[in-house]
Amino acid sequence: MTEPLELKKTVNLPKTAFAQKANLGQSEPARLKKWNDAKLYEQIREARKGAEKFILHDGPPYANADIHLGTALNKILKDFVVKSHSMMGFDAPYIPGYDCHGLPIETYVEKKLAAKGKNKNDLPVATFRRLCREHAEHAMDGQTRDFMRLGVFGEWENPYLTMSNEYESETARLFGRFLERGYVYKGLRPVYWCVHDQTALAEAEVEYKEHTSPSVYVKFPLASDAKLIDEKLDGKNVFVVIWTTTPWTLPANLGITVHPDFDYSAIEVGAEVYIVASELAKSFAETCGFENVKEIARFKGAKLDKLEAKHAWLDRVSLLMNGDHVTLGEADAEVELGVREERTGAGKSGTGCVHTAPGHGHDDFVIGRQYDLEVYCPVDNAGRFTADVEYFGGENIFDANPKIVEFLREKGVLLFTENYNHRYPHCWRCKNPVIYRATPQWFISMDAIAKTGAEISLRANAVSEVKKVKWHPNWGEGRMANMLKNRPDWCVSRQRSWGVPIPVFYCQGCDEAIADAKIVNHVADIFLKETADAWYNREAKDLLPENFKCPKCEGAEFIKETDILDVWFDSGSSCVAVLETRDNLQFPADVYFEGGDQFRGWFNSSLMCGLAAHDIAPYKQVVTYGWVVDGEGKQMHKTGGNAVSPNEVVQKSGAEIIRLWASAMDSTQDMRVSEEILSRIVDAYRKFRNTLRYALGNLDGFNPDTETVALSEMQEIDRWALASLDEATEKVIKGYEIYNFQAVYQTLYNFVTVTLSARYFDIIKDRLYIFAPNSLERRSAQTALYKIADNLSRLLAPILAFTADEAWENLPHQKVASVHLAEFPKVSGADDSQLLSDWERIFSIRDDVLKALEEARNAKQIGSSLEAKVILTVDKDTTYFLLSYFEDLRYIFIVSQVEVHEGDKFNVEIQKADGAKCERCWNYSVRVGASEKYPTVCERCVGALDEIEKAV
Ligand SMILES: [Zn+2]
Ligand SMILES: [Zn+2]
Ligand SMILES: [Zn+2]
């Protein structure tokens, strides 16, 4: 007889190098280095070579500052997409990009120059551009470092830069493509204009903010015969009353627009008669404080068409016109600015007679063109009235506003004025209010029919393409379609230096603009070698083909266009400049994935560029997500003290915490973040980590190649765990497929906390610790645990990129070095519904048992649950059901003994367990003491010890 074993040493305690404490602050950089040294991203490319491609095309962040939580979130969400698709088996390369040109960098460099007492205008353009380039490079390096730190995989050594020579060359070429198709024209049209930065702005470059403007009601005397409107007006002193919140545009007034189908009233107030929309007559009279108001005539707006009023104070006609854009109320002032989308304010203002200045508003411009009005804009680049403006010449328009109000009062044409709060467009850069101002600019026409390729307008084609794109969430389609229906022609010229110059020349002899795709391509070839700096370094003749002559006058002297292209044109061209020039990419992209602000930004400009190049949308799917806001739902501001810095979170808690947060939030809504929210995420992280650790610890010594138990021989609860895993796996992969990362998170979180932690792990602990290492019972549980740890690592990998890889490394006998090279698990496809529902039934009974045990514990009737015997009374059907699990019930309930009785009323009774406590497994048994060799252990442990002895 051998010596008895030391009992403590026969218990299979868990063992793993996967630490309980993550220490992400140190472990993440170490893992990044490991990935980098192993060239993991390249290995993934190699592993997926030849597989179907899945291209997420990166919307380039602006390369001028450190990353903030919004930019971090953007990259992380895209990384979820790229990593998950790679694990679905796609070849999913990710080429990050940077938007390098544009005003913010110019402004930054100008400020730096000013600090040294220098001025941009004293420097050669090429020198100024070099400084801008250096700043972009510097900012970009910082961003790259921070994005990589977040665990985002991609071609970080070779990102696309909108300022690279290849890219600038392709951007110019694409402009040539627009020219060739007949979409480009130069024209005088009102555009958003920042008087501070003295440049045109794109729609996407203005932000709406609350602003107080002086609103004025001004009367314009009717010049035409009032009888033409209504007999009753004959001989009366009739005025048309307009309302505006931009008094400074009044000198540019050339007309008044009314809706042809609305009713208008002529109301008599003392000796005067005012024409306003009938629906607004009452509020108008109240606002102006009129008493004894009498309507003396009512007629349709159509009656006023082409009649004439006189300008309120200038000796000039103001033409009455009919326009469908006229609305009743609030909108007037914003219609004036070409903006309909955002408006606030309560109550009704306005008169339904819209002051129209074709040089200062989009709708004004459109209606003015219809009625053949001049595009009159007496305001210069700096926002001053030109000299020809009577009384106000040379004045800054915003300064002139109150003076104009006073002037109107003195002239007796002002009926009422007040301060008016509304949302008004401001420059995204300098935060000053912008104006709408007509200037000569290059435009891409939305409605011109293409001369080459599909004979269709950009607008018509865009509207039809948008329907073919899959939008997530699906309201994106309507939002995009509306934007396209209303968007004015795209003004692509900017009066700046840091960008891609518009490659157009002007003939010195006849002023002819040389805007020709062939010439553009010639210039683009030069850009490819020398970057677009060539435009500034070379003379016009050195940019044109040799011996080039003006096609109109044969002249040989040319000057270069000084405007550059809109930066949205730059980034929009990426669908060609990147997708078509990189070997591993293709046009169109499978998905664009950006914040909701890109509807009018990059989604829009990319669409135009894609259509110009290939007549189809550059993306098959577009995914958008919400804003990052603070814990109260407020916008975050650097200066507001509520901003969460991603780099600080990374240092304090780890990139994994930001990644997990990004998955846990509903990305279709505003995404909240605060210290408190992050601390909850840290708790969730611990649960994932502890789950992985439990599984890994109990796999110590398990060889999945030789010790895996066949499904048919596994214990039923282990099969149930695998069926649950299958169920979760299916949901998780579906979530990844439809970009619903919150569904992924919630499924995994529930699986980990409920299925595993609260149920399965609790129950199998005894079996793992107590049974002989090689026993079928223990191997069965390990077989399930192995699959769980393996699959969980894979399913978590896109989100917890570091931790999943760490867990993967600690799995015994792994065939692939990194989880990121692996694929998502395959679902068995078996129908496990009976198994799952049987166990749901068991767990629901277990919940009642656990409750009763808890009560017994509180009543000090028992200590640990193993001191208990459970006496269940259940109905006949349940009795039969439970008896088929009878052997397992004590383990399921984690008690020493269970009795099941048939009875009418469901009942759980807790008694002290019979017998004595086993020294080895702590279960109670009446047979403790039966073995001579091991007198302190139960019969089950005696069996296990026999097996262990035999194996030694
Ligand atoms: Zn500005
Ligand atoms: Zn010429
Ligand atoms: Zn025992």
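Residues numbered from 1 in each chain as written. Chains lettered and ligands numbered in written order. Predicted model: local features only at pLDDT ≥ 70, side-chain atom pairs only at ≥ 80, totals over all residues. Heavy atoms only, no water.

Quick notes on the overall build of the protein chain
Helices and strands together make up the secondary structure of the protein chain, namely 30 helices and 32 strands. In summary, the protein chain has a C-alpha radius of gyration of 37 Å against a globular reference of 30 Å for 952 residues, an excess of more than 25%. C-alpha extents for the protein chain along the principal axes are approximately 125 × 80 × 55 Å. In the protein chain, which comprises 952 residues, the share counted as buried stands at 59%. Taking as baseline every contact in the protein chain between residues at least 6 positions apart, the subset at least 24 positions apart corresponds to 78%. Entry remark: accessible area of the protein chain is about 39,900 Å², with carbon and sulfur atoms responsible for 49%. (Helix = DSSP H or I, 4+ residues; strand = E, 2+ residues; numbered from the N terminus. Rg over C-alpha atoms; globule rule 2.2 N^0.38 Å. Buried < 20%, exposed > 50% of the residue type's maximum accessible area, 1.4 Å probe, protein only. Contact = heavy atoms within 4.5 Å. Areas by Shrake-Rupley, 256 points an atom, 1.4 Å probe, with all protein chains shown as cover.)

A closer look at the environment of leucine 795
One can find leucine 795 in helix H25 (residues 776-796). On the basis of relative accessible area, leucine 795 is assigned to the buried category, the value being 1%. For the pair leucine 795 and lysine 9, spaced 786 residues apart in the sequence, the C-alpha separation amounts to 36 Å. If we skip the residues at most four places from it in the chain, leucine 795 touches Thr729, Val732, Ile733, Tyr736, Leu748, Phe824 and Pro825.

Here we look at the nonpolar core
If you look at the biggest cluster of nonpolar residues, it comprises 161 residues, and the most contacted ones within it are Leu150, Trp661 and Tyr760. Ranked by residue count, the leading element in this core is helix H24 (residues 741-770), at 14 residues. Not counting residues within four places of it along the chain, the set of residues in contact with tryptophan 661 comprises Leu69, Leu73, Val628, Met671, Arg672, Val673, Ile677, Leu678 and Ile681. (Core = buried A, V, L, I, M, F, W, Y, C linked by side-chain atoms within 4.5 Å.)

With respect to the coordination of the zinc ion (ligand 3)
Here the zinc ion (ligand 3) is held by the protein donor atoms Cys918 (SG), Cys921 (SG), Cys938 (SG) and Cys941 (SG), which lie 2.2 to 2.4 Å from it. Here the zinc ion (ligand 3) binds four donor atoms, and the angle range of 106 to 116 degrees at the metal identifies the geometry as tetrahedral. The sequence motif formed by the donor residues of the zinc ion (ligand 3) is C-x2-C-x16-C-x2-C. Across the pair, cysteine 941 and cysteine 938 agree in class, each one buried. (Donors = N, O, S within 2.8 Å, 3.2 Å for Na, K, Ca; no water. Tetrahedral: all angles 85-135°; square planar, octahedral: opposite > 155°, others 65-115°.)

Describing the confidence of the model for the protein chain
Mean pLDDT over the protein chain: 93, with 97% of residues reaching 70 or higher. pLDDT under 50 marks residues 331-347. Its contacts with residues more than four places away, or in other chains, come to 46 contacts. (pLDDT = per-residue confidence, 0-100.)

With respect to the sheet that holds strand E8 (residues 255-258)
By way of backbone hydrogen bonds, the strands of a sheet pair with one another, either parallel or antiparallel. A sheet is described by the order of its strands in space; here four strands give the open sequence E12-E13-E8-E14, paired in mixed fashion. Each edge of the sheet is formed by a strand with only one pairing partner; in this case those strands are strand E12 (308-310) and strand E14 (353-356). Taken pair by pair, the neighbouring strands of this sheet meet at an average axis angle of 30 degrees, ignoring direction. Pairing of E12 with strand E13 (residues 317-322), which is carried by three bridges, proceeds in the antiparallel orientation. Each residue of the ladder has a partner; that of alanine 309, found in E13, is serine 318. Across the sheet, helix H9 (residues 362-370) is in contact with E8, E13 and E14; its angle to E14 comes to roughly 85 degrees. (Pairing = 2+ DSSP bridges. Axes fitted to C-alpha atoms, helices over the stretch in contact; angles between N-to-C directions.)

Quick look at the state of the cysteines
This model, assessed by the stated rule, comprises zero disulfides. Of the cysteine sulfurs around cysteine 491, a residue in no disulfide, the closest is that of cysteine 377, at 13 Å. A relative accessible area of 8% means that cysteine 491 is categorised as buried. (Disulfide = S-S within 2.5 Å.)

Considering the coordination of the zinc ion (ligand 1)
Coordination of the zinc ion (ligand 1) by the protein comes from Cys194 (SG), Asp197 (OD), Cys427 (SG) and Cys430 (SG), over a distance range of 2.0 to 2.3 Å. Taken together, the four donor atoms surrounding the zinc ion (ligand 1) define angles of 102 to 120 degrees at the centre, an arrangement classified as tetrahedral. Linear spacing of the donor residues for the zinc ion (ligand 1) on their chain is C-x2-D-x229-C-x2-C. Residue aspartate 197 is found in the loop between strand E4 (184-194) and strand E5 (199-201), and its partner cysteine 430 is found in the loop between strand E15 (414-427) and strand E16 (435-444); the two are separated by 233 residues along the sequence. When its relative accessible area of 18% is taken as the criterion, cysteine 430 is described as buried.

Observations regarding the sheet that holds strand E28 (residues 868-874)
Strands sit in the order E29-E28-E30 across an open sheet of three strands; the sheet is mixed. Looking at the sheet topology across the chains shown, the edges are occupied by strand E29 (897-902) and strand E30 (907-912). On average, adjacent strands in this sheet sit at an angle of 20 degrees to one another, irrespective of strand direction. Of the pairings in the sheet, the one linking E28 to E29 comprises six bridges and is parallel in character. Looking at the pairing, isoleucine 871 lines up with glutamate 899 of E29. Here helix H29 (residues 886-893) sits on the sheet in contact with E28 and E29, set at roughly 120 degrees to E29.

Comments concerning the pattern of salt bridges
Applying the stated criterion to the full structure yields 70 salt bridges. Note that arginine 129 is salt-bridged to aspartate 533, the shortest N-O span being 2.7 Å. Residue arginine 129 is found in helix H5 (residues 125-149), and its partner aspartate 533 is found in the loop between helix H13 (517-530) and helix H14 (534-537); the two are separated by 404 residues along the sequence. The pair arginine 129 / aspartate 533 is uniform in exposure class, with both members buried. Its salt-bridge partner being aspartate 590, residue lysine 620 comes within 3.4 Å of it at the nearest N-O pair. (Salt bridge = Lys/Arg side-chain N within 4 Å of Asp/Glu carboxyl O.)

Focus: the side chain of aspartate 615
Relative to the assigned elements, aspartate 615 resides in the loop between helix H18 (602-614) and strand E25 (619-625). You can call aspartate 615 buried: its relative accessible area is 15%. Within the structure, aspartate 615 has its side chain in polar contact with the backbone nitrogen of alanine 454 (distance 3.1 Å). (Polar contact = N/O pair within 3.5 Å; in protein donor to acceptor, adjacent residues only side chain to side chain.)

A look at the environment of threonine 668
Within the secondary structure, threonine 668 sits in the loop between helix H20 (655-664) and strand E27 (671-673). A polar atom in the side chain of threonine 668 sits 2.8 Å from the side chain of aspartate 666.

Regarding the packing of helix H27 (residues 833-858) against helix H28 (residues 876-883)
Put simply, H27 and H28 touch, their axes get as near as 12 Å, and they point 105 degrees apart. It follows that H27 is roughly perpendicular to H28 by the angle criterion. For the pair formed by H27 and H28, the contact residues are Asp838, Arg841, Ile842 and Ile845 on the first element and Asp877, Thr878, Phe881 and Leu882 on the second. Across the contact of H27 with H28, the residue classes break down as four nonpolar, one polar and three charged. (Parallel < 35°, antiparallel > 145°, perpendicular 65-115°, else oblique. Nonpolar A, V, L, I, M, F, W, Y, C, P; charged D, E, K, R; others polar.)

A look at the packing of aromatic side chains
Applying the stated criterion to the full structure yields 51 aromatic pairs. The interplanar angle of 15 degrees and the centroid separation of 5.3 Å between the aromatic rings of tyrosine 185 and phenylalanine 443 together place this pair among those described as stacked. Pair noted here: tyrosine 185 is in strand E4 and phenylalanine 443 is in strand E16, with a separation of 258 residues, a long-range link. Residue classification places tyrosine 185 among the partly exposed residues on the basis of a relative accessible area of 25%. According to the relative accessible area criterion, phenylalanine 443 is buried, its value standing at 2%. (Phe/Tyr/Trp six-rings, centres within 6.5 Å; stacked < 30°, edge-to-face > 60°.)

Observations concerning the environment of aspartate 58
With respect to the helices, strands and loops of the structure, aspartate 58 is situated in the loop between strand E1 (56-57) and helix H3 (69-87). Since its relative accessible area comes to 0%, aspartate 58 is described here as buried. In contact with aspartate 58, other than residues within four places in its own chain, are Lys75, Lys78, Tyr94, Ile95, Pro96, Gly97, Tyr160, Glu594 and Trp602. Of the polar contacts made by the side chain of aspartate 58, one reaches the side chain of tyrosine 94; its length is 2.9 Å.

Some points on helix H6 (residues 165-180)
Taking 1.5 Å of rise per residue, 16 residues should cover 22 Å, and H6 covers 22 Å from first to last C-alpha, within 8% of that figure. Along H6, the residues that are buried comprise Tyr167, Glu168, Ser169, Thr171, Ala172, Leu174, Phe175, Gly176, Phe178 and Leu179. After H6 finishes, the residue glycine 182 shows a positive phi value of roughly 80 degrees. (Expected span 1.5 Å × (residues − 1).)

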